[in-house]
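Inside the fold
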Amino acid sequence: MSKNRPALFRGRHFQDQIIILCVRWYLRYSLSYRDVQELMAERGLSVDHTTVWRWVQRYAPILNQRIRREVRHPNRSWRIDETYIRMAGRWVYLYRAVDSCGETIEFMLSPKRDLVAAKHFLQLALCRAGRCDPESSTSMATRHTPRPFQS
């Protein structure tokens, strides 16, 4: 059986499909390692949460790399905006870039609104876009929520 397995899964106790399923559930849904362990137990498989953790550490970067090749590249017309939002009880700046089809290219949360944060966001967006540099970019009006008075 191990001779027919892909090299990526050789030496693993569980089947390839089980490993990928557990990693996918953990990454896609808001589940803990123990939640994934419980889901596998409901299906009659005894998988420890630390095993799931090891699988995620091993296979998540590989899955990300393979999926990135299949992701649709953004078109060449971008809209960039920033806004001030409350996130987990703290006020932060949300920088966002979307293409003309409404697909999110990149977003970034920053505690400060300064030149360093803006440059970092643009570098992230350009890196995420890959080979497709924007032909035009429009900065949309900033929609600020009033910042509460702090004493």
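All of the points below concern the structure found in this document. Just so we're clear, the structure is a prediction, and the values are computed from it rather than from any experiment.

Examining the overall build of the chain
Counting its regular elements, the chain contains four helices and five strands. Along the chain, helices (α) and strands (β) appear in the sequence α-α-α-β-β-β-α-β-β when read from the amino end. Per-residue burial for the chain yields a buried fraction of 29% across its 151 residues. Restricting the contact set of the chain to residue pairs at least 6 apart, pairs at least 24 apart contribute 46%.

Let's talk about the pairing of strand S1 (residues 77–87)
Where S1 and strand S2 (residues 90–99) come together, ten bridges link them in antiparallel fashion. Looking at S2, one finds that Arg 86 is bridged to Trp 91. Between S1 and S2, which pair antiparallel and follow one another directly, the connecting turn spans two residues, one of which, Ala 88, has a positive phi of 55°.

Regarding unusual backbone geometry
In this structure, Ala 88 takes a positive phi of about 55° despite not being glycine. Looking at where Ala 88 falls in the secondary structure, it is placed in the loop between S1 and S2.

Structural notes on the pattern of salt bridges
For the structure on display, the rule yields three salt bridges. Arg 43 is the partner of Glu 42 in a salt bridge, and the nearest nitrogen-oxygen pair spans 4.0 Å. Look at Arg 43 and you get partly exposed, because its relative accessible area is 49%. Of the charged contacts, one joins Glu 82 and Arg 113 as a salt bridge, the two residues approaching to 2.6 Å between their closest N and O atoms. Residue Glu 82 is located in strand S1, and its partner Arg 113 is located in the loop between strand S3 (104–110) and helix H4 (115–129); the two are separated by 31 residues in the primary sequence. We classify Glu 82 as buried; its relative accessible area is 14%. On the basis of relative accessibility, which here comes to 48%, the residue Arg 113 falls in the partly exposed class.

Points about the nonpolar core
Ile 19, Val 52 and Trp 55 are the most contacted members of the largest nonpolar core, which has 16 residues in total. Listing elements by their share of this core, those giving two or more residues are helix H1 (16–28), helix H2 (33–42) and helix H3 (49–70). Residues in contact with Ile 19, not counting those within four places in the same chain, are Phe 9, Arg 12, Phe 14, Trp 55 and Tyr 59. Tyr 84, Trp 91, Ile 105 and Ala 117 belong to the second-largest nonpolar core, a separate cluster that totals 13 residues.

Focus on H4
Its 15 residues place the ends of H4 21 Å apart at the C-alpha level, agreeing with the 21 Å of an ideal helix rising 1.5 Å per residue. Buried within H4 are the following residues: Ala 117, Phe 121, Ala 125 and Ala 129. Taken down its axis, H4 places every buried residue within 105° of arc, on the same side. For H4, the exposed residues set more than 90 degrees away from the buried face come down to Leu 115, Val 116, Lys 119, Gln 123 and Cys 127. Taken together, the buried residues of H4 touch S1, S2 and S3.

Side note on the environment of Ile 19
Tracing the sequence through the fold places Ile 19 in helix H1. For Ile 19 and Phe 9, which are ten residues apart along the polypeptide, the C-alpha to C-alpha distance reads 8.9 Å.

So, the packing of H1 against H2
Look at H1 against H2: their axes get within 10 Å of each other, and the N-to-C directions meet at 135°. Put simply, H1 runs oblique to H2. Crossing angle aside, the handedness with which H1 passes H2 is right-handed. Two secondary-structure elements touch here, H1 through Ile 18, Leu 21, Cys 22, Trp 25 and Tyr 26 and H2 through Tyr 33, Val 36, Leu 39 and Met 40. Across the contact of H1 with H2, the residue classes tally to nine nonpolar, no polar and no charged.

Basis of the calculations
Counting from 1, residues in each chain are numbered in the order their sequence is written. Selection of residues for local features in this predicted model requires a pLDDT of at least 70, selection of side-chain atom pairs for listing and counting requires 80 or more, and totals for whole chains, interfaces and linings are taken over all residues. Only hydrogens and water are set aside; all other atoms, that is, all heavy atoms of the structure, feed into the side-chain values. Under the scheme used here, helices are H or I runs from DSSP no shorter than 4 residues and strands are E runs no shorter than 2 residues, and both carry numbers assigned from the N terminus. Whether a residue is buried, partly exposed or exposed follows from its accessible area with a 1.4 Å probe, protein chains only, as a fraction of its type maximum: under 20%, in between, or over 50%, in that order. Should any heavy atoms of two residues lie within 4.5 Å, those residues are considered in contact. One requirement defines pairing of two strands: DSSP has to find at least two bridges between them. Criterion for a salt bridge: a side-chain nitrogen of Lys or Arg within 4 Å of a carboxyl oxygen of Asp or Glu. Buried residues of nine kinds, namely Ala, Val, Leu, Ile, Met, Phe, Trp, Tyr and Cys, make up a nonpolar core once their side-chain atoms join them within 4.5 Å. To estimate how far a helix should extend, the number of its residues minus one is multiplied by 1.5 Å. The reported arc concerns the directions from the helix axis to the C-beta atoms and nothing else. Between the N-to-C directions of two axes lies an angle of 0 to 180 degrees, each axis being a line fitted to C-alpha atoms and, for a helix, fitted only over the stretch in contact. Should an angle fall under 35 degrees it is taken as roughly parallel, and over 145 as roughly antiparallel, whereas 65 to 115 is taken as roughly perpendicular and any remaining angle as oblique. By the definition used in this description, the sense in which the near helix is turned from the far one sets the handedness, with an anticlockwise turn below a right angle giving left-handed and a clockwise turn giving right-handed. Each residue is assigned to one class: nonpolar for Ala, Val, Leu, Ile, Met, Phe, Trp, Tyr, Cys and Pro, charged for Asp, Glu, Lys and Arg, and polar for all the others, Gly among them.

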